[in-house]
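What follows is the residue order along each chain.
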Amino acid sequence: MKYEKVVVDRKELEVLKTLFSTIHNGKDKTYRLSFEKLMEEIKNAKVLDSSKMPLDVIRLNSVVTIKTDFGGEKKFHLVTPEKSDLTQNKLSVMAPMGLALFGYAENDEVEWEFPSGLNTIRITKVEQPL
């Protein structure tokens with residue numbers, strides 16, 4: 001892990017906390033495990049002001065290119081749940097994959113539990129909107 005722990009924008013952390021309090025699907029094991037893992041990582045996260053956020057860290061509105069063993073290479077735009085549309089590669093931060101990626105940086109590898117089992121995600125590129 002490039003920065004030793006997840007890195008989170010202070011304002012986005014508040015958005016996440018609000019989302020966490022309103023969206024919870026405890027019946028879905030994959031979602032629950034993803035949610036719990038990110039919650040644990042956020043407890044120890046490096047929280048920074050927007051102006052100090054590294055450009056290679058995945059945050060809301062980042063465009064992320066990943067490689068996985070189960071799906072090859074994919075590119076996603078990480079968004080809030082109401083903007084999610086997988087037909088346009090807009091991935092909700094509250095989806096298991098969105099939860100897995102948030103706060104990690106380019107070139108990090110993330111092990112995460114998916115319906116298909118434990119998988120490794122390699123983050124190959126992170127782009128921030130202008």
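Residues numbered from 1 in each chain as written. Predicted model: local features only at pLDDT ≥ 70, side-chain atom pairs only at ≥ 80, totals over all residues. Heavy atoms only, no water.

## As for the nonpolar core
Thinking step 1. Judged by nonpolar contacts, the single largest core of 32 residues is most densely connected at Leu 101, Ile 121 and Ile 123.
Thinking step 2. Those elements giving two or more residues to this core turn out to be helix H1 (10-22), helix H2 (29-43), strand S3 (63-68), strand S4 (72-79), helix H3 (96-101), strand S6 (109-114) and strand S7 (117-127).
Thinking step 3. Excluding its chain neighbours within four sequence positions, the residues that come into contact with Ile 121 are Ile 66, Lys 67, Thr 68, Met 97, Ala 100, Leu 101, Asp 108, Glu 109, Val 110, Trp 112 and Phe 114.
Thinking step 4. Core analysis: the second largest hydrophobic core is formed by five residues, Val 7, Met 53, Val 57 and Ala 105 among them. (Core = buried A, V, L, I, M, F, W, Y, C linked by side-chain atoms within 4.5 Å. Buried < 20%, exposed > 50% of the residue type's maximum accessible area, 1.4 Å probe, protein only. Helix = DSSP H or I, 4+ residues; strand = E, 2+ residues; numbered from the N terminus. Contact = heavy atoms within 4.5 Å.)

## Some details on the sheet that holds strand S5 (residues 90-92)
Thinking step 1. The strand order across the open sheet formed by five strands is S5-S4-S3-S7-S6, and the pairing between neighbours is mixed. Pairing within the sheet leaves two strands with one partner each, and these edge strands are S5 and S6. Averaged over neighbouring strand pairs, the angle between their axes works out to 45° when direction is ignored.
Thinking step 2. With three bridges connecting them, S4 and S5 associate as parallel partners. If you follow Val 79 over to S5, its bridge partner there is Ser 92. (Pairing = 2+ DSSP bridges. Axes fitted to C-alpha atoms, helices over the stretch in contact; angles between N-to-C directions.)

## Here's the deal with the environment of Ser 92
Thinking step 1. Mapped onto the secondary structure, Ser 92 falls in strand S5.
Thinking step 2. The exposure class of Ser 92 is buried, given its relative accessible area of 8%.
Thinking step 3. The spatial distance from the C-alpha of Ser 92 to the C-alpha of Gly 103 is 14 Å, given a sequence separation of 11 residues.
Thinking step 4. A distance of 2.9 Å separates the side chain of Ser 92 from the backbone nitrogen of Met 94, its partner in a polar contact. (Polar contact = N/O pair within 3.5 Å; in protein donor to acceptor, adjacent residues only side chain to side chain.)

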